[in-house]
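# Examination of the molecular architecture
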Amino acid sequence: MKKFLLFASVAALAVSCNDSLKENEFLVSGTIDTIYNGKQVFLREAPKERNAPGVSLDTAVVENGKFTFKGMTETPQERFLFIEGEEQNAPIRFFAEEGNIAVNVNKDTIYNSKVSGTFNNDVLAKYNKLNNEVSKKGQELSQEYTKASQEQDENAIKKIEEEFETFSDQMYTKFKTFIEENPTAEISIQAFPSLLRSQNATYEELQSVFDKLSQSSKDSDLGKKISEYLEKKKEADNAKSATSVGKQVPDFAAPTPDGKMLSIKEAMGKVTIIDLWASWCGPCRKENPNVVAMYNELHGKGLNIIGVSLDQDGDKWKQAIAADKLTWQHISNLKGWDEPIAKQFGVNSIPATVILDANGVIVARDLRGDELKAKVEELLAK
């Protein structure tokens, strides 16, 4: 049974970091700029829900640029420190666990305050450094992409998209290495979702990393959610393997916008593109003009397209088809990410494409732009 009992907080002069601590006892010793003298520091639990305030556990007062908290905990517990007058800023995160915990408050960026002294807090500092580096690079690329999009600089956009892919692979490797080097640390389970952003990571790779985590991490709420995700990932990877290049396309059918059933066999041409998209998908809508131009040029030579939408709102689906002038055939079960056809192909991100030859054999997947058109022309020329 987890327990967390706080003693009354005391001023730093009354308790020294060199005091002998009992089993399961912790001491938080904070240093902060003297401009905060007389201000309160609030110790709170981690919130149960996103953006919800955590339960307040104790309060200390800054004296001579110092504050302390002392308490008991049988297991490491995630906690947050809030400085009076700085509540609008991100708090200081740390783990209450047996030992002396030093908190050096950075008054300019509170959330970047240094916490050290015990195992989980030392690992947390490494995680914060890594996360800050990744976040900074991600923001830089996002800003560059926004600027290129506003200027409609297609060459810059393509280059930045390639940089994003490289950055995504690097981020995956860095967080994977961090978790594998610190499998028993409390923060490692919170680092795991960063791995799930990778489109190239397989179920086997992710499960292998997850298996290295502590049982308490696996049993946490986040651990259970990740476990559920991995099971779905396993199903998707198996489906993608069953519909990989060289395999015969599986049969499927779904309602058209006017309610009639249409199967893949009825929609096939000399070359067929299965285009998985949705009206709410920005990248899909952005790509549509290129697909329209290709279809208008090559449909007469044998290119057919069947659009499979991951929409849930039938009206928005039909409106998008009309607005984007998508004159090929369309089907959807209007089940969003639960679309059976998407699951059949192991699709977990859109836009996605599956390219078939005249015999219904899958010859390529997830091509876009010039690469897609080149492949279609190659197949039509045979």
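Just so you know, these numbers come straight off a predicted model, no measurement behind them.

## Thoughts on helix H4 (residues 203-211)
- Taken together, the buried positions of H4 are occupied by Tyr203, Leu206, Gln207, Val209 and Phe210. Taken down its axis, H4 places every buried residue within 160° of arc, on the same side.
- Buried residues belonging to H4 abut helix H2 (154-181), helix H3 (188-191), helix H5 (215-219) and helix H6 (221-242).

## Digging into the side chain of Glu97
- Structurally, Glu97 can be placed in the loop between strand E7 (92-96) and strand E8 (99-104).
- Despite its burial, Glu97 pairs with no opposite charge, the nearest such side chain being Arg79 at 12 Å.
- For Glu97, the side chain forms a polar contact with the side chain of Thr118, separated by 2.6 Å.
- Non-local contacts of Glu97, meaning those with residues more than four positions away in its chain, are made with Glu25, Phe26, Thr73, Pro76, Thr118, Phe119, Asn120 and Asn121.

## Examining the domain arrangement of the protein
- For the protein, the assigned domains are domain 1 (25-117), domain 2 (123-243) and domain 3 (248-381).
- Between domain 1 and domain 3, the C-alpha centre-to-centre distance is 53 Å.

## Quick look at the UniProt feature "coiled-coil region" (unreviewed entry) in the protein
- Within the UniProt annotation, "coiled-coil region" (unreviewed entry) is assigned to residues 124-170.
- The straight-line gap between the two end C-alpha atoms of residues 124-170 is 20 Å; of that span, 94% is helix and 0% is strand.

## Quick word on the packing of aromatic side chains
- Under the criterion given, the structure shown has seven aromatic pairs.
- A connected cluster of aromatic rings, assembled from ring pairs, spans Tyr127, Phe175 and Phe178.
- Above the plane of the ring of Phe82 lies Arg44, whose end atom (NZ or CZ) is 4.4 Å from the centre.

## Let's talk about the pattern of salt bridges
- Under the criterion given, the structure shown has 10 salt bridges.
- As a salt-bridge pair, Glu180 and Lys176 come within 3.2 Å of each other at their nearest N and O atoms. On the criterion of helical spacing, the pair formed by Glu180 and Lys176 is a turn pair, its members being four residues apart in helix H2.
- Judged by its relative accessible area of 23%, Lys176 falls in the partly exposed class.
- Linking Asp338 and Lys343 is a salt bridge whose minimum nitrogen-to-oxygen distance equals 3.5 Å.
- In this structure Asp338 comes out as partly exposed when scored by relative accessible area, which is 48%.
- We classify Lys343 as partly exposed; its relative accessible area is 49%.

Quick notes on the rules
Residues numbered from 1 in each chain as written. Predicted model: local features only at pLDDT ≥ 70, side-chain atom pairs only at ≥ 80, totals over all residues. Heavy atoms only, no water. Buried < 20%, exposed > 50% of the residue type's maximum accessible area, 1.4 Å probe, protein only. Helix = DSSP H or I, 4+ residues; strand = E, 2+ residues; numbered from the N terminus. Arc of directions from axis to C-beta. Contact = heavy atoms within 4.5 Å. Lys, Arg positive; Asp, Glu negative; His and termini not counted. Salt bridge = Lys/Arg side-chain N within 4 Å of Asp/Glu carboxyl O. Polar contact = N/O pair within 3.5 Å; in protein donor to acceptor, adjacent residues only side chain to side chain. Domains from an automatic or database assignment. UniProt positions renumbered as here; feature names shortened; annotations may be inferred. Phe/Tyr/Trp six-rings, centres within 6.5 Å; stacked < 30°, edge-to-face > 60°. Lys NZ or Arg CZ within 6 Å of the ring centre and 35° of its normal.

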